[in-house]
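Survey of secondary and tertiary structure
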Amino acid sequence: MSVTRNVSALCRAVVGLCALFGMLGASQAQAGSWVHGIYSGDGGTRSYQLWVPTGYQPGERLPLVVGLHGCLQNPDQFAGLARLNEKADQEKFLVLYPNQAMLANGTQCWNFMFSINQDRGGLEPSVIVGMVDWVKGHYTVDERRVYVGGVSAGAVMSTILMACYSDVFTAGMVGAGAMYKAATTASGTLFAMKFGSIYSPDDRGYDAWACSGKPRRKVPVLVVHGTADDVVNPINGTQTVRQFLQTNDYGDDGANNNSVSNSPTQVYSATSPGGRKYTVRNYVTGGVLLVQQYEIEGMGHAWPGGNSAYPFADPAGPDGTTIMWDFFKQHSR
């Protein structure tokens, strides 16, 4: 934490240079290209990469997806793994990839397990939201369609952002992750990864709703997990589903009254072109798909349908990136 503050102080001392760097990147960006920058705020300093899709026209209002990498990854690797830039080019949306600094975590994991990062205004979440604001200030973003999704540690950070900034993020995706505040210490995180969280998903559902200020707002979420995940026990996916169902139960009318049911409205199974069987559970309330769960048989700790040239790919699985975007584009604030 002291290192993060020192780096933050250093960058604030040269904040003019940081801002100039970011603005130059924006002015020089071409369609179908990367913009690299550095963001500094009260929560610290992190670099980021922004993908500007092919065909982008200044002034055209586009959705924004925030893609959060996992441990031992960086934005380039996550983008390559998920083929997310290619999807952005096809569907016309911006992609922001915040980058965890090795000074903050030697394995480049997002520090989701510490209380300083689990609240609105927390260090790392506030930096990511600050990056979103930067993109909004330099590109024409459709604020009704800002989404967040990630894998592993990035997925758990996504639950924090959805919980504590439900006014910013329209919907989210949790891939091989865990529920909001599944653990609050490093040792608790190791336990949750192996056995599941010791905390009640219903209690954490309330905590997640309260983190944004108890808004009358629902947060649609997609949860994807493999049944053979030996890094993050699949029970964490089930707990995440339950937590967000409870969060949405509070979010629709401010009360815990089962107005959002814990029972799926539709369950079906299918097989991917690569041979992976999977089960989908849809939770629909008022005609809106609020929660969707993909349980993929035999998949380990991986991104389904990912590019095998990158670690953490399961090419045999269904196309996780298409599943994510198809879920996102159903939702607009």
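Residues numbered from 1 in each chain as written. Predicted model: local features only at pLDDT ≥ 70, side-chain atom pairs only at ≥ 80, totals over all residues. Heavy atoms only, no water.

**Regarding the packing of helix α8 (residues 201–211) against helix α9 (residues 235–253)**
As a reminder of what qualifies: Every angle, taken between N-to-C directions, lies between 0 and 180 degrees, and every axis is a line fitted to C-alpha atoms, over only the stretch in contact when it is a helix. We count a stretch as a helix when DSSP gives it H or I for four or more residues in a row; a strand needs E for two or more, and each element gets its number in order from the N terminus. Here is the rule for angles: anything less than 35 degrees is roughly parallel, anything more than 145 is roughly antiparallel, 65 through 115 is roughly perpendicular, and the remaining ranges are oblique. Here is the rule for handedness: rotate from the far helix to the near one, and if that takes an anticlockwise turn smaller than a right angle the crossing is left-handed, while a clockwise turn gives right-handed. Contacts are assigned to residue pairs with any non-hydrogen atoms lying within 4.5 Å of each other. Ten residue types, Ala, Val, Leu, Ile, Met, Phe, Trp, Tyr, Cys and Pro, are classed as nonpolar, four, Asp, Glu, Lys and Arg, as charged, and the remainder, Gly among them, as polar.
Where α8 contacts α9, the two axes come as close as 7 Å, and the packing angle between them is 50°. Classified by the angle their axes make, α8 and α9 are oblique. Once α8 is placed against α9, the crossing between them reads as right-handed. Between α8 and α9, the residues in contact are Pro201, Asp202, Arg204, Gly205, Tyr206, Ala208 and Trp209 and Gln239, Arg242, Gln243, Gln246, Thr247, Tyr250 and Gly251, respectively. Taken together, the residues of the contact of α8 with α9 break down into five nonpolar, six polar and three charged.

**So, helix α10 (residues 320–328)**
Defined as follows: Categorising residues by exposure relies on relative accessible area from a 1.4 Å probe, with only protein chains included: less than 20% of the type maximum marks a residue as buried, more than 50% marks it as exposed, and the intermediate range marks it as partly exposed. As used in this structure description, the phrase polar contact means that two N or O atoms lie within 3.5 Å; if the pair is within protein, one of them must be able to donate a hydrogen and the other to accept it, and residues adjacent in sequence are counted only when both atoms belong to side chains.
Counting buried residues along α10, seven of its nine residues qualify, which places the element largely inside the surrounding structure. Taken residue by residue, α10 has Gly320, Thr321, Ile323, Met324, Trp325, Phe327 and Phe328 as its buried positions. The residue sitting at the N-terminus of α10 and contributing the capping side-chain oxygen is Asp319; that oxygen lies 3.1 Å from the backbone nitrogen of Thr321.

**Remarks on the sheet that holds strand β3 (residues 62–68)**
Rules: Any two strands with at least two DSSP-identified bridges between them are counted as paired.
Spatial ordering of the open sheet is given by β1-β2-β4-β3-β5-β6-β7-β10-β9-β8, a layout of 10 strands whose pairing is mixed. Each edge of the open sheet is held by one strand with a lone partner, namely β1 (33–41) and β8 (266–271). Taken pair by pair, the neighbouring strands of this sheet meet at an average axis angle of 20°, ignoring direction. Where helix α3 (residues 75–82) meets the sheet, its contacts fall on β1, β2 (44–52), β3, β4 (94–99) and β5 (141–151), and the angle it forms with β4 comes to roughly 135°. Of the strands in this sheet, β3, β5, β6 (171–175) and β7 (221–226) are in contact with helix α6 (residues 153–164), which crosses β5 at around 140°.

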